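Structural features, examined
Residue strings, one per chain:
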Amino acid sequence: MLRKPIRKLHRVALGVASGIVLVIGYTALCYRSQQLNPNQTTIPSWSQMLGGLRSVVRTDPAALARWKQALANNPDASRPRPKLVADATATGTHLFLGLGLSVIGSMFLGVMMGCFRRVEAFLLPPMAFLAKIPATAALPVFLKLAGQGQETFFVSIVTFGVLPAMSQSIYLAAREVSDEYLSKAYTLGASDTAVVWTIMVRSILPHVMDAARLAIGPAIVYLIAAEMLFSDIGFGYRIRYDAKTGMTVVFPYLVILAIFGFTMDFSLRWLQRKTCPWFVPEESR
Amino acid sequence: MVAKHDIVLECENLSHRFGLRGVLHEVSLKVIRGEIVAIVGETGCGKSTLLRTILGTQRPTSGKVQITTRAHGTCDRTGPDRDCGIVPQHYCLYPFLTALQNVTLGLMFEQTSLTSRLFRRSWWRKLRAGHMDRAAKLLQELKLEHAMHLYPHELSGGMRQRVAIAQALITEPEILLLDEPFGALDEATREELQRMLLELYMENCKVKDRGQPPPYTIVIVTHELNEAIYVGDRVVALSRYWNWKERFSECPGATILFDQMAPVNYPDEEREFEIFAKQRSDIRAAAFDPKATRNREEFQHFWRDFLSGKGEGILAPTQACDLPNCPLKNTCSFAQRMARLAQNNGSQQTAKRLEISLKHLLKRDEEAIADELRPLRRILDGEPRIGPGQVAGDAQAEAHKIRDTASRECFVNAARDMMDSLQLHSPAMHREVKQHLMPLQSILDGSG
C-alpha cells in the first residue's frame, strides 16, 4: 500500500543506514583512487581531509610570524584568526544580515500586498518580474551599485536575491488569511492597523518562518557565488581558492556549509515551535 | 406600536444581484430588540447573502440596512463594525489565541490601541487582568472553565462554537448574527447549544421585565426547520417560489414569503418537535414548494399578530398602566401575560404545551406576586397585631392602596380575563393561580 506508515525506530534506522552507505561508498571510491594515484587529492582520503581541516582550524604560522613582526611597529595589530573562523564570520555575517533584511522587507511588502488591493496592484507585477531574474546573473549590477568587496555588496545580493520571491510567498500566505477572520475582527471593534498587526501578522508568522527556511538555500547559493568571484574571505572564496590545489579543504567546507544551513533551518523550526505553538503544519495533521 | 428604538435592525427593500442573477429581491425585515429571529430557506436561496449584507461585508445592489444602537442612534451599514457580531458555521476562532484570549480580543480592541498597549505597559497589564477575569467568568458560565487555555485546534466542535459565541457576546453587539452555527455539530452538542440560546432569550425576558432594553438580539440562519422554530421566537423564510411571473420575465431573487411568530420554548423543558408540525408544514407550503407561486403577503402575519398583542416572551406587549408606582405592577403584568397565553391557545399550541408555558410563567412571577401581595396577606392572616403599632399601621395603609389598585379597571379586567381563560383551558393552573391571588379574591369575584 502507498504511504503505509512505518515505525519511528525503522525511520531512524533507515536514516542512519543511508549515512553509513554514503560514508562506505565514499571510502571505497577514495580507496580505489588512492590505489591508482596515492598523491591525488581530487577524491581525498579521510586522513587528507582531516589534514585540510587542521590547516583551516589552526592559525597560519606564516601569518602568525608576520603578526609578531608587525607588533614591534604597531602594538594594536590584531592577531590573525584561523581561516575557518574568519571565513565563517564573514559568510555568517553576510548571510544573517542579508536574510534578516530580506525577511523584514518581504514581510512588510507581502503583508501590504495581501491587505491592500492598491498596493497589490502596484507591487505585484514588479515583484513577479524581479523574482524571475537569478541574482547570480545580476551580480555585475550589484557590483556597480554597491562596489566590489564592500559588505553592502554581499548583504544586498542576498537581500535582493531573496526578497522578491519571499515577498510573493508571504503575500500568498496573507491572501490565504480568511476574509472571515478580518471581518470578525472588525465586528469586535478592531481598526485597520489592529487587524493588520494583531490578526494578519500573527496569522502568517509561521509561514514567514517557513519562507525564511526555504530562502536559506538560495541565499547561500547567491552569497557563495558572489564570494567566489569578488571576495578575499568567506566560504565561497576559500572553496574557489583551495580547489586549485585539491579538494582536501573543499569537502570539509561543503560539509560545514551544509551544517551551517541545517543549523539555521533547525533554529527557525525551533523558533516557529516556540513562538507559534498553535501552528500545526499540514504534514502533521 | 413599537417605539422606533425597539427596532434594532431594519432592512429596507434589499435587493442583490450577482451579475445577471438576482439573489435577493426587495427584502424588508425589521427586528425587535431582544428577538431571536430564525431565517430559513432552501440551499442557495440567499440566506447567507442576506446575513452578509446585514453584517456589511456585502453591499446590496439596492436598498439599505440600518441598525439602531442602544443610545438610540441609527446608522446605515457601510461595513462590518462592533454593532454587529458574527458567528459563522466554521467557528472562525483565531488559531493563534487560546480560548480565553479569543474571548478577550473584543475587549482589547474596544478599550486599547496598539500604541497604548506598547507604551503604557503597566496600565495595559492591569486592564488585561480585568479582561481575563471577565472572559473567564463568561467561559465558566458556558461550562468551558477546563478549556480556557487550549488553542482552537485542541477544542471539540461544540466547545469552539461556544467560545465563538462568547467572543461575539462579550462586546455586547446590538445584534448577533449566527450563520448556520450548529450545522457541523452532532445532535447532542447541537441540542446543548440550542438550549444555551434559549437561556440567553430567557435572560432577555427578565431584563425586559425590569424595564431595561434586552441585551441579546439574535438573527440565526439555519436550514433546520425544527431548530428555527425551537430557538427562534420568530421564523422568517426566504424563497424564490413567489409570484414573480406577474411582473418579471425571470426570477429577480428570493424574498420573504413567511414571517410569523414561533412558540417560546424554555431551556429546561423537553424538546418536542412534534408540536411544531403545523408551523413546519406552513413554512414548507410557503417557501419550499417549487410548484407554488405564493403571494408574498400570504404567510406574513408577524406584524399583524404582534401589534394585536399576541406575542409571547420578548414580544409580549408591555403592560399599559397609567398609575405611577403601581403596587400591583408585577401581578398585573402576570395576569395580562397569563390571559394572553391562554387566549392565544390556537394553531401552534397543544394543551400540554400551554400547561408548560403557563407553569413557566407562574414559576417566574410567583415570587414577585407574593412580594406584592404580602401586606394584604398579613392583614388576612392577622399578622399586623404582632408587630409594633407603626409598622402595623403602614401595612394597613399599603393593603388599602393595593385593594384600591386592584379595583382599577386595568388590573381587575386583566385578572378576570386570566381566571376565565385558565378555567377554560387549564383548570389545574386556575386552581394554583387562585391560591396565589387569594388576598384579592373578593375583588376578583366582584364582591370587593
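This is a predicted model, so every value here is computed, not measured.

**Some remarks on the environment of V177(A)**
Residue and element names in this part refer to chain A. Along the polypeptide, V177 turns up in the loop between α7 (151-176) and α8 (179-187). Overall, V177 belongs to the buried group, its relative accessible area being 9%. The sequence separation of V177 and V201 amounts to 24 residues, and the corresponding C-alpha distance is 9.9 Å. Once residues within four sequence positions are removed from consideration, V177 is found in contact with L182, M200, S203 and I204.

**Here's the deal with α8(A)**
Regarding α8(A), the residues found buried are Y181(A), L182(A), S183(A), K184(A), A185(A) and T187(A). Contacts from the buried residues of α8(A) go to α9 (192-230) of chain A together with α1 (47-55), β6 (84-87), α2 (99-111) and α5 (157-169) of chain B. Of the residues flanking the end of α8(A), it is G189(A), one or two places downstream, whose phi is positive at about 100°.

**Considering helix α5 (residues 117-131) of chain A**
Residue and element names in this part refer to chain A. Its 15 residues place the ends of α5 20 Å apart at the C-alpha level, agreeing with the 21 Å of an ideal helix rising 1.5 Å per residue. Along its length, α5 reaches its greatest deviation from straightness, about 35°, at L123, and the proline P125 lies no more than four positions downstream. All of the buried residues along α5 are E120, L123 and M127. Looking at the packing, one finds that the buried side of α5 touches α4 (83-115) and α7.

**Considering unusual backbone geometry**
Residues and elements named next belong to chain B. Of note, the phi angle at N13 is positive, near 45°, even though the residue is not glycine. Tracing the backbone through its elements, the reader meets N13 in strand β1 (residues 7-18). Phi is positive for E26, which is not a glycine, with a value near 40°. Within the secondary structure, E26 is located in strand β2 (residues 21-32).

**Some thoughts on the packing of α9(A) against helix α11 (residues 250-275) of chain A**
All names here are of chain A. In contact at an axis separation of 9 Å, α9 and α11 are set at 165° when each is read in the N-to-C sense. The angle between α9 and α11 places the two elements in the roughly antiparallel class. Crossing handedness for the pair α9 and α11: right-handed. In this structure, α9 contributes P206, M209, D210, A212, R213, I216, I220 and I224 to the contact, and α11 contributes L257, G261, M264, D265, L268, R269, L271, Q272 and T275. Among the residues making up the contact of α9 with α11, the classes are represented as 10 nonpolar, three polar and four charged.

**With respect to a nonpolar patch on the surface**
Residues and elements named next belong to chain A. A cluster of nonpolar side chains, contributed by V12, V16, I20 and I24, occupies part of the molecular surface with about 370 Å² of accessible area. Mapped onto the secondary structure, V12 falls in helix α1 (residues 8-36). Judged by relative accessible area, V12 falls into the partly exposed class, the value being 48%.

**As for the interface of chain B and chain A**
On the chain A side, the residues contacting the 28 residues of chain B number 20 residues. Summed over both partners, the interface of chain B with chain A comes to about 2,100 Å²; 71% of that surface belongs to carbon and sulfur atoms. Among the residues of chain B in contact with chain A, Y94(B), F96(B) and F109(B) are the three that bury the most area, contributing 34% of the side total. Linking chain B with chain A are zero salt bridges. Applying the counting criterion to the chain B and chain A interface returns five residue pairs in polar contact (both at pLDDT 80 or more). Elements represented by at least two residues in the side of chain B that touches chain A include exactly β6, α2, α3 (114-119) and α5 of chain B. In the side of chain B that touches chain A, the residues fall into 18 nonpolar, six polar and four charged.

Rules of the game
Residues numbered from 1 in each chain as written. Chains lettered and ligands numbered in written order. Predicted model: local features only at pLDDT ≥ 70, side-chain atom pairs only at ≥ 80, totals over all residues. Heavy atoms only, no water. Helix = DSSP H or I, 4+ residues; strand = E, 2+ residues; numbered from the N terminus. Buried < 20%, exposed > 50% of the residue type's maximum accessible area, 1.4 Å probe, protein only. Contact = heavy atoms within 4.5 Å. Expected span 1.5 Å × (residues − 1). Bend = angle between axes of the 7 residues up to and from the residue. Axes fitted to C-alpha atoms, helices over the stretch in contact; angles between N-to-C directions. Parallel < 35°, antiparallel > 145°, perpendicular 65-115°, else oblique. Left-handed = near helix turned anticlockwise from the far one by under 90°. Nonpolar A, V, L, I, M, F, W, Y, C, P; charged D, E, K, R; others polar. Patch = residues over 30% accessible without salt bridge, like charges linked within 9 Å, V, L, I, M, F, W, Y side chains within 5 Å. Areas by Shrake-Rupley, 256 points an atom, 1.4 Å probe, with all protein chains shown as cover. Salt bridge = Lys/Arg side-chain N within 4 Å of Asp/Glu carboxyl O. Buried area = accessible area lost by both parts, 1.4 Å probe. Polar contact = N/O pair within 3.5 Å; in protein donor to acceptor, adjacent residues only side chain to side chain.

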